[in-house]
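# A structural walkthrough
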Amino acid sequence: RPDQPGSGLVADQENDPAASRRVEQFGRIGVALTIIGFLLSVAGVVTRALAAQRAPWGNMFEFTITAMGLFVGVYLILVWRAGLRWLGLPVTLLAVVGNGLAVTVFYVAVAPLVPALHSVWFLIHIVAAAISGAAFNVGGVMSILYLIKKRAEERGTIRGYLGRVPDSRKIDLIAYRFTAFAFPL
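Report follows, based on the coordinates. Keep in mind that this is a model prediction, so the values were computed, not measured.

About the cut-offs
- Residues numbered from 1 in each chain as written.
- Predicted model: local features only at pLDDT ≥ 70, side-chain atom pairs only at ≥ 80, totals over all residues.
- Heavy atoms only, no water.
- Helix = DSSP H or I, 4+ residues; strand = E, 2+ residues; numbered from the N terminus.
- Buried < 20%, exposed > 50% of the residue type's maximum accessible area, 1.4 Å probe, protein only.
- 1 Å grid on protein atoms, 1.4 Å probe; cavity = no way out; pocket = protein on both sides within 12 Å on 5 of 7 lines; lining within 4 Å.
- Points joined across faces, edges and corners; volume = space filled by probe spheres on them.
- Nonpolar A, V, L, I, M, F, W, Y, C, P; charged D, E, K, R; others polar.
- Expected span 1.5 Å × (residues − 1).
- Polar contact = N/O pair within 3.5 Å; in protein donor to acceptor, adjacent residues only side chain to side chain.
- Salt bridge = Lys/Arg side-chain N within 4 Å of Asp/Glu carboxyl O.
- Core = buried A, V, L, I, M, F, W, Y, C linked by side-chain atoms within 4.5 Å.
- Contact = heavy atoms within 4.5 Å.
- Phe/Tyr/Trp six-rings, centres within 6.5 Å; stacked < 30°, edge-to-face > 60°.
- Axes fitted to C-alpha atoms, helices over the stretch in contact; angles between N-to-C directions.
- Left-handed = near helix turned anticlockwise from the far one by under 90°.

## Structural notes on the overall build of the chain
Helix and strand counts for the chain come out as 7 helices and 0 strands. N-terminal to C-terminal, the α/β element order of the chain is α-α-α-α-α-α-α. Taking the principal axes of its C-alpha atoms as reference, the chain extends roughly 65 × 30 × 30 Å. By residue count, 36% of the 185 residues in the chain fall in the buried class.

## Quick look at the layout of surface pockets
Put simply, the largest pocket is a space of about 420 Å³. Lining the largest pocket are 17 residues, and of these Gly27, Arg85, Trp86, Tyr161 and Arg164 sit closest to its centre. Elements represented by at least two residues in the lining of the largest pocket include exactly helix 2 (17-52), helix 4 (88-104) and helix 6 (161-164). At 6 residues, helix 2 tops the list of elements feeding residues into the lining of the largest pocket. Partitioned by chemical class, the residues of the lining of the largest pocket number 7 nonpolar, 8 polar and 2 charged.

## A look at helix 5 (residues 120-155)
The terminal C-alpha atoms of helix 5 lie 53 Å apart, and with 36 residues this matches the ideal 52 Å at 1.5 Å per residue to within 8%. The N-capping residue of helix 5, defined by a side-chain oxygen 3.1 Å from the backbone nitrogen of tryptophan 121, is serine 119. Of the residues one or two after helix 5, glycine 156 is the one with positive phi, at around 75°.

## Quick notes on the pattern of salt bridges
Counted under the stated rule, the structure contains 5 salt bridges. Measuring nitrogen to oxygen at the nearest pair gives 3.2 Å for the salt bridge that ties glutamate 24 to arginine 85. Note that glutamate 24 is positioned in helix 2 and arginine 85 in the loop between helix 3 (60-82) and helix 4, a separation of 61 residues in sequence. Residue classification places glutamate 24 among the partly exposed positions, given a relative accessible area of 32%. Look at the salt bridges and you will find they share partners, linking Glu24, Arg28 and Arg85 into a network.

## Observations regarding the nonpolar core
Residues Phe71, Tyr75, Trp86, Leu87, Val138 and Met142 are the most contacted members of the largest nonpolar core, which totals 25 residues. Breaking this core down by element, the ones donating at least two residues are helix 3, helix 4, helix 5 and helix 7 (168-182). No other element matches helix 3, which puts 7 residues into this core. For tryptophan 86, the contacting residues outside a window of four places in its chain are Met142, Leu145, Tyr161, Arg164, Val165, Pro166 and Ile171. Membership of the second largest hydrophobic core comes to 7 residues, among which are Trp57, Phe63, Ile126 and Ala130.

## Things to note about the environment of arginine 28
Within the fold, arginine 28 resides in helix 2. Expressed as a C-alpha distance, the spacing of arginine 28 and alanine 52, which sit 24 residues apart in the sequence, is 36 Å.

## What about the packing of aromatic side chains?
In this structure the tally under the stated criterion is 1 aromatic pair. Centroid distance phenylalanine 61 to tyrosine 107: 5.0 Å. Interplanar angle 75°. Geometry classified as edge-to-face. Linking phenylalanine 61 in helix 3 with tyrosine 107 in the loop between helix 4 and helix 5, this pair joins segments that are 46 residues apart in sequence. Here phenylalanine 61 falls in the buried class, since its relative accessible area comes to 8%. Overall, tyrosine 107 belongs to the partly exposed group, its relative accessible area being 47%.

## Structural notes on the packing of helix 2 against helix 3
Interaxial distance between helix 2 and helix 3 falls to 9 Å at its minimum, and their mutual angle equals 145°. Like other packed secondary-structure pairs, helix 2 and helix 3 cross with a definite hand, here left-handed. Within the contact between the two elements, helix 2 uses Val31, Thr34, Ile35, Phe38, Ser41, Val45 and Arg48 and helix 3 uses Phe61, Glu62, Ile65, Thr66, Gly69, Val72, Gly73, Tyr75, Leu76 and Val79. Among the residues forming the contact of helix 2 with helix 3, the class breakdown is 10 nonpolar, 5 polar and 2 charged.

This is the structure in structure tokens:
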């Protein structure tokens, strides 16, 4: 029954200080682990650049690990500036899948750039593509959350994780802003 303690409703967490503290503690642990993962990702991109002796964006593996690092970096900025810690679950899930694909499917050994990529536009293009890719990923994750949250709001069944997510209108606005930023870039 929803009115019994321990039913998993957000209202129970708000009424139970111990449950609220536990959720807050797990949230902080999650952000701390995400920061550690982000720093390790940045270290991986930097060491790849040092091994290649060039910007690490010459193939799909290097682009993917860079874009996923930027994606998580954008999320961490959103946590710091806007308090969007609730976005951590889908962000880290997508980052794990993206990095997993990079390592298992896209991986290639370090090699020099092909002659067509020896241009100043190489850096401009890849940096813009990685930044817009990160913004599109945030917008995409937000859009998926919007659809899930909107459906739950219409049904009146907002429980658990969805109870911590803002209303669907705010999610839609954030998704729109990220997509509007990324599209022209």
